[in-house]
Every structure is written in C-alpha cells, then in structure tokens.
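Residue-level listing of the chains:
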Amino acid sequence: MLETIWFVVWGLLWAIYFTLDGFDLGMGTLLPFLARNDEEKRVIYNAAGPYWDGNEVWLITAGGVTFAAFPKAYAVMFSALYAPLLILLFALIFRAVSFEFRNKRTDAGWKKLWDTCQFLGSALPAVLFGVAFANLFMGIPIDGEGVYHGNILKLLNPYGLAGGVFFLVIFCTHGALWLSLKSEGAIRERAVRAACGLWPVLLVLSVAFLALTASFTRLYDNYLAHPALLIFPILAVTALLTMRAMLAGANCLGAWLCSALFIISVTFFGVLGMFPGIILSSLDPAYSITVLNGASSPLTLKIMLGVALVCVPVVICYQAWVFYTFAHRVTPESISRDDHAY
C-alpha cells in the first residue's frame with residue numbers, strides 16, 4: 001500500500017513540475033520568435049523571473065523522491081539515462097545563469113550570448129524530458145542487474161523523438177498562454193497568436209502520440225484491465241478542446257488552466273499506464289523495476305510520508321503566495337521601476 005501511495009506521489013510531483021516549469025521552458029523557447037527588441041525580451045525574462053527557481057524545486061523534489069522511495073529505480077535511471085540527464089543538467093544551469101548575467105553588461109553581443117543560453121537551456125530540457133519519458137513508457141534495454149545495454153543514440157528512436165517534439169509543443173503552448181497573462185501590448189498579441197497557432201499542432205501531435213503509444217508500448221494494458229483509469233485520457237482530451245474554446249473567447253487564464261490540466265492528465269496517463277513498473281525492461285519484463293522490487297523499506301516510506309504531509313503543504317502555500325504577490329502584468333514601465341528586475 002505504501003509503495004502504491006509513493007508511486008502516485010512520484011507521478012504527481014512530475015506532473016506539478018511539468019505544469020509549473022513548463023511555462024518557463026516554453027517562454028524561453030519562444031524568446032527569439034516572440035520578442036522583437038530588448039524591452040520585449042526583458043518582459044519575457046521578468047514574466048518568468050519570480051517563478052522559475054521555485055518551479056525547479058519540484059524537479060529536485062521529484063528526483064529526491066525517486067532516490068528515497070525507489071532507490072533501485074533511481075540508480076538504474078541515472079545510470080541508463082546518464083548522458084541525456086547530464087545534457088539536461090548543463091542546459092538548466094546555463095539557463096539559470098542567463099537570468100542573472102544577461103543585464104550585467106549593455107553590449108549587444110553579451111546579451112545575445114545569454115539569450116542563446118536561455119533559448120537552448122529551455123528548448124533542450126523540454127525535448128529531453130519528452131525523449132526520456134517516452135523511452136520509460138516504451139521500456140529501455142536493462143538486464144537483471146539493472147545494467148543498460150545501449151547508448152544515447154538508442155534513446156533517439158521514433159517514439160522517443162515523438163515524445164520530445166510532443167513535450168516541446170506542450171511547453172511552448174503553455175508558455176505562450178502564460179506570457180499572454182503576464183504582458184501587454186504587441187508582445188501579448190503575438191503570444192496569443194502563437195498559442196492559437198500552436199493549438200492545432202498540439203492536437204495533431206496528441207493524436208499521433210496516442211497512436212504511437214499503442215504501437216510502441218503496452219501502456220493501454222492497464223487501461224483495458226482497469227477502465228476507471230480512462231478518466232485521465234478523457235480529462236486530457238476535454239482540457240485540450242476546452243483550451244481552444246477559451247482562446248476563442250479571449251479567456252487566456254481559462255486557457256492556461258486547461259493547459260495545466262492537460263499536462264497533468266498526460267503525465268498521469270503515462271505514469272499509471274506503467275504501473276506497477278517504474279523502469280520497464282525491453283529485454284525481458286522480468287527485469288523491470290517495479291514499486292515492489294524497487295521500493296525502500298516500509299519504515300522509510302512511512303517516515304517519508306509523515307515528512308511529506310507536513311512539508312509539501314508549506315511549499316504549496318509559499319508558491320501560492322509568490323504567484324499572488326507577482327500576479328501583476330510585466331511592462332517596460334514596471335521593469336524600469338524595479339531595481340531588481342532582470
């Protein structure tokens with residue numbers, strides 16, 4: 001029972017991370033396409049500024065839970081996916097540095113360097129998360145000792161690449177909607193147009209990814225065995241269609257909330273489809289790491305659950321306060337008044 005609870009918590013933490021840091025990564029990816037001048041670039045930086053570091057706490061939390069609740073899965077995951085995870089780490093580091101360093105000097109070359117880091121540090125993680133999770137859904141070649149029999153090129157299979165593109169478009173749509181909430185004027189209009197333009201692409205990719213999932217994975221086995229789980233793909237479809245209706249009605253907040261629900265539903269669709277597996281083996285299902293053979297001791301899980309029940313609500317309350325405090329729109333005027341603006 002404790003193992004199952006922590007598996008659901010593990011999936012929830014990834015869903016929260018993708019929802020929150022997803023809009024940061026999306027805006028960073030769209031930076032060279034939506035911003036026409038330095039003022040508009042600063043609007044994008046400051047639309048993410050108060051949130052990005054807090055959002056990435058959920059990535060650390062998800063990784064920490066993997067380590068503490070499912071140490072065997074953590075060991076195999078960070079060994080098998082070592083190369084893409086290392087690229088992901090450096091991309092996130094340079095992205096973080098770009099926030100702080102971009103305005104340390106005024107010359108155009110310096111700013112262009114950090115704008116490039118912001119773009120690559122946002123687009124690469126979006127793609128790599130998609131590639132990694134698609135491969136986890138499909139199964140990776142690990143043996144009974146947890147040794148990975150492959151390389152980074154083996155991860156760049158058709159389904160893995162489809163997952164990378166799918167995640168990238170999800171985050172770009174999510175980021176465009178967030179920018180439409182946080183900005184005014186011409187850049188807001190471009191953000192809304194970008195969200196409207198990306199929506200049909202996201203729809204096509206969603207259908208394609210569902211079809212590829214049926215072909216490359218066995219995720220649907222759990223849904224056939226437990227039809228109640230179909231609530232998550234149904235929620236994803238409903239959220240995606242409602243998002244378009246909200247955009248048509250110029251309700252950007254409603255569209256962003258629908259986008260958040262879509263991300264959460266898609267994450268749970270994949271995670272629950274894997275259950276009870278965490279790391280599926282493509283060599284032999286018997287080699288897979290599950291919630292039973294990969295979990296920590298019951299005492300460890302019990303202590304962790306007590307800590308989580310106390311600490312997680314505190315983190316949620318803090319982040320809610322941050323979102324409330326910085327709910328105002330970002331404009332060139334508000335940036336010029338703020339000595340701490342990016």
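What comes next concerns the included structure. Just so it is clear, the structure is predicted and the values come from calculations on it, not from any experiment.

### Some words on the pattern of salt bridges
One pass over the full model with this rule turns up 10 salt bridges. One salt bridge connects lysine 41 with aspartate 115, and the closest N-O pair in it is separated by 3.4 Å. Of this pair, lysine 41 sits in helix H2 (residues 38–48) while aspartate 115 sits in helix H6 (residues 108–138), placing them 74 residues apart in sequence. By relative accessible area, which is 24% here, lysine 41 ends up partly exposed. Arginine 95 is paired through a salt bridge with glutamate 56; the nearest N and O atoms lie 2.5 Å apart. With arginine 95 in helix H5 (residues 82–101) and glutamate 56 in helix H3 (residues 52–69), this residue pair connects regions lying 39 residues apart in the sequence. Pair check on accessibility: arginine 95 and glutamate 56 agree, each one buried. Several salt bridges share partner residues, and in doing so they unite Asp38, Lys41, Arg102, Lys111 and Asp115 into one network.

### With respect to empty space enclosed by the protein
Considering all chains together, one arrives at 3 cavities of 30 Å³ or more under this definition. What lines the largest cavity is simply Phe18, Phe133, Phe137, Phe166, Phe167, Phe209, Val266, Thr267 and Val271. Taken together, the elements giving at least two residues each to the lining of the largest cavity come down to H6, helix H8 (158–182) and helix H12 (252–274). By residue number, the principal contributor to the lining of the largest cavity is H12, which donates 3 residues. Of the residues belonging to the lining of the largest cavity, the class tally is 8 nonpolar, 1 polar and no charged.

### Describing unusual backbone geometry
In this structure, the amide linkage connecting phenylalanine 275 to the following residue, proline 276, adopts the cis form with an omega of 5 degrees. Within the fold, proline 276 resides in the loop between H12 and strand S1 (277–279). A positive phi angle, near 60 degrees, is found at alanine 250, a position not held by glycine. When you line up the elements, alanine 250 lands in the loop between helix H11 (231–248) and H12. According to the relative accessible area criterion, alanine 250 is exposed, its value standing at 61%.

### Some points on the layout of surface pockets
Reported here for the largest pocket is a volume of approximately 550 Å³. Elements that contribute at least two residues to the lining of the largest pocket include exactly helix H1 (2–34), H3, helix H4 (71–80), H5 and H6. When residues of the lining of the largest pocket are assigned to their parent elements, the largest contribution, 8 residues, is made by H5. When the residues that make up the lining of the largest pocket are grouped by side-chain class, the tally is 20 nonpolar, 2 polar and 1 charged.

### A closer look at the packing of aromatic side chains
Following the criterion strictly, the structure yields 37 aromatic pairs and no others. Ring centres of phenylalanine 7 and tryptophan 10 lie 5.8 Å apart, and the angle between their planes is 35 degrees; this geometry places the pair in the tilted category. Taken together, the positions of phenylalanine 7 and tryptophan 10, both in helix H1 and 3 residues apart, correspond to about one turn of that helix. One exposure class covers both phenylalanine 7 and tryptophan 10, and it is buried. Ring geometry for phenylalanine 67 and tyrosine 74: centres 5.1 Å apart, planes at 75 degrees, overall edge-to-face. Put simply, the rings of Trp14, Tyr17, Phe18, Phe129, Phe133, Phe137, Phe167 and Phe171 touch in pairs and so form one group of aromatic residues.

### So, the side chain of serine 281
Here serine 281 is to be found in the loop between S1 and strand S2 (289–290). Of the polar contacts made by the side chain of serine 281, one reaches the backbone oxygen of isoleucine 142; its length is 2.7 Å. Not counting the four nearest positions on each side in its chain, serine 281 is found in contact with Ile140, Ile142, Tyr287 and Ser288.

### Overview of the environment of leucine 113
With respect to the element layout, leucine 113 can be found in helix H6. Judged by its relative accessible area of 43%, leucine 113 is partly exposed. Separated by 11 residues in the primary sequence, leucine 113 and arginine 102 place their C-alpha atoms 8.2 Å from one another.

Cut-off values and rules
- Residues numbered from 1 in each chain as written.
- Predicted model: local features only at pLDDT ≥ 70, side-chain atom pairs only at ≥ 80, totals over all residues.
- Heavy atoms only, no water.
- Salt bridge = Lys/Arg side-chain N within 4 Å of Asp/Glu carboxyl O.
- Helix = DSSP H or I, 4+ residues; strand = E, 2+ residues; numbered from the N terminus.
- Buried < 20%, exposed > 50% of the residue type's maximum accessible area, 1.4 Å probe, protein only.
- 1 Å grid on protein atoms, 1.4 Å probe; cavity = no way out; pocket = protein on both sides within 12 Å on 5 of 7 lines; lining within 4 Å.
- Points joined across faces, edges and corners; volume = space filled by probe spheres on them.
- Nonpolar A, V, L, I, M, F, W, Y, C, P; charged D, E, K, R; others polar.
- Phe/Tyr/Trp six-rings, centres within 6.5 Å; stacked < 30°, edge-to-face > 60°.
- Polar contact = N/O pair within 3.5 Å; in protein donor to acceptor, adjacent residues only side chain to side chain.
- Contact = heavy atoms within 4.5 Å.

Purely spatial values, then, with no claim about function.
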